[in-house]
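Remarks on the overall topology
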Amino acid sequence: MKKNILFLFTLILLSCSKDDFSEQSIESKIVVEGWIEEGDYAQVLLSSSIPVTDVIDSTNVLNHVIRSAKITISDGETSEVLRVKNDKNRVPPFVYFGSALMGEAGKQYSLRIEYLNRVVEAVTTIPKSVQLKSAEYIKKNVADTTGYVFVNFEDPVNEKNYYQIATRIEGKESIFVPAFYGNLDDKNFTKSAVSVQVNRGVLLFPKTVFTPYFVDGDVIYVKLRTQNKDALDFWNSWQNEIVNSRNPIYPANTSLKSNIKGGIGIWAGYGKSILVAKYAQKTEPI
């Protein structure tokens, strides 16, 4: 599915007075949200950091988007320079994308970004996908009009795995949004058969009022991603900033984990499995 970009975290607030690269290059940072999934092509969002004193709205977001960088992806044998396109379903509506180098489990992928006098680099691998067994929309009471999604999957025995769960509501969201507390480390599982409640995550500039649950009639796509430890650490640190910050969308400081050399953010490889949540004719056990 092409529109699987995560909600935009790439405009991280930093304590700097300006973001003009030519005048304040020491203070401004290049911020990266990039990934390549098994069976799909690389996608990258690129921006400069936003000062904490700036107003955060869709107009200012556009002012910090970087659209003229050279981004090269390589698997060690084949390289590809990503192109940039305009997608009106996204905020900001620009994404660098690949079309030749498809992600394969077990392979390593390098990222190189060249912008003005800067070079930003990172390396990741794609872990093997783990398949979702089921995804169900379940309510506490039959009379309720809201509920949560519960997913089931088998965590492979004798393998180390890290996961991320994300959802997308058809007609309401054009992207997959990481679930709240949806980053999982299999060291916390007591058995290989895993059942998890999925809570809706926060979407940047939502078209409707945010609620942490789903409602009757929603067509809910659920994605189970396998990820590496650096991606797990990044997303956990991002979530901690959201929970502990006064700002519900942007992290308030620069304590995010990152695997980006010369910038901040994440370059990650993911395995994936996607299901549409089925309506369960039962209520959640209480």
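Details of the structure are given in the entry above.
To start, this report covers the structure provided alongside it. (Residues numbered from 1 in each chain as written. Predicted model: local features only at pLDDT ≥ 70, side-chain atom pairs only at ≥ 80, totals over all residues. Heavy atoms only, no water.)

1. Quick look at the overall build of the protein
Along the protein, the regular secondary structure elements total two helices and 19 strands. By residue count, 53% of the 286 residues in the protein fall in the buried class. Put simply, of all contacts in the protein between residues at least 6 apart along the chain, 68% involve residues at least 24 apart. Carbon and sulfur atoms make up 50% of the accessible area of the protein, which amounts to about 13500 Å² in all. (Helix = DSSP H or I, 4+ residues; strand = E, 2+ residues; numbered from the N terminus. Buried < 20%, exposed > 50% of the residue type's maximum accessible area, 1.4 Å probe, protein only. Contact = heavy atoms within 4.5 Å. Areas by Shrake-Rupley, 256 points an atom, 1.4 Å probe, with all protein chains shown as cover.)

2. Examining the pattern of salt bridges
This model, assessed by the stated rule, comprises 16 salt bridges. E173 is paired through a salt bridge with R200; the nearest N and O atoms lie 2.9 Å apart. With E173 in the loop between strand 13 (162-169) and strand 14 (177-185) and R200 in the loop between strand 15 (193-198) and strand 16 (214-215), this pair connects stretches of sequence that are 27 residues apart. Three or more residues are tied together by salt bridges with common partners; here these are E37, D40, K223, R225 and K272. (Salt bridge = Lys/Arg side-chain N within 4 Å of Asp/Glu carboxyl O.)

3. Quick word on the sheet that holds strand 5 (residues 70-74)
Taken in spatial order, the four strands of this open sheet run 6-5-9-10, and their pairing is antiparallel. Single-partner strands in this sheet number two, and they are strand 6 (79-81) and strand 10 (118-125). Sheet twist, expressed as the mean angle between neighbouring strand axes with direction ignored, is 15°. Bridging between strand 5 and strand 9 (residues 108-115) involves five bridges; their strand directions are antiparallel. Of the residues in strand 9, the one forming a bridge with T72 is R112. (Pairing = 2+ DSSP bridges. Axes fitted to C-alpha atoms, helices over the stretch in contact; angles between N-to-C directions.)

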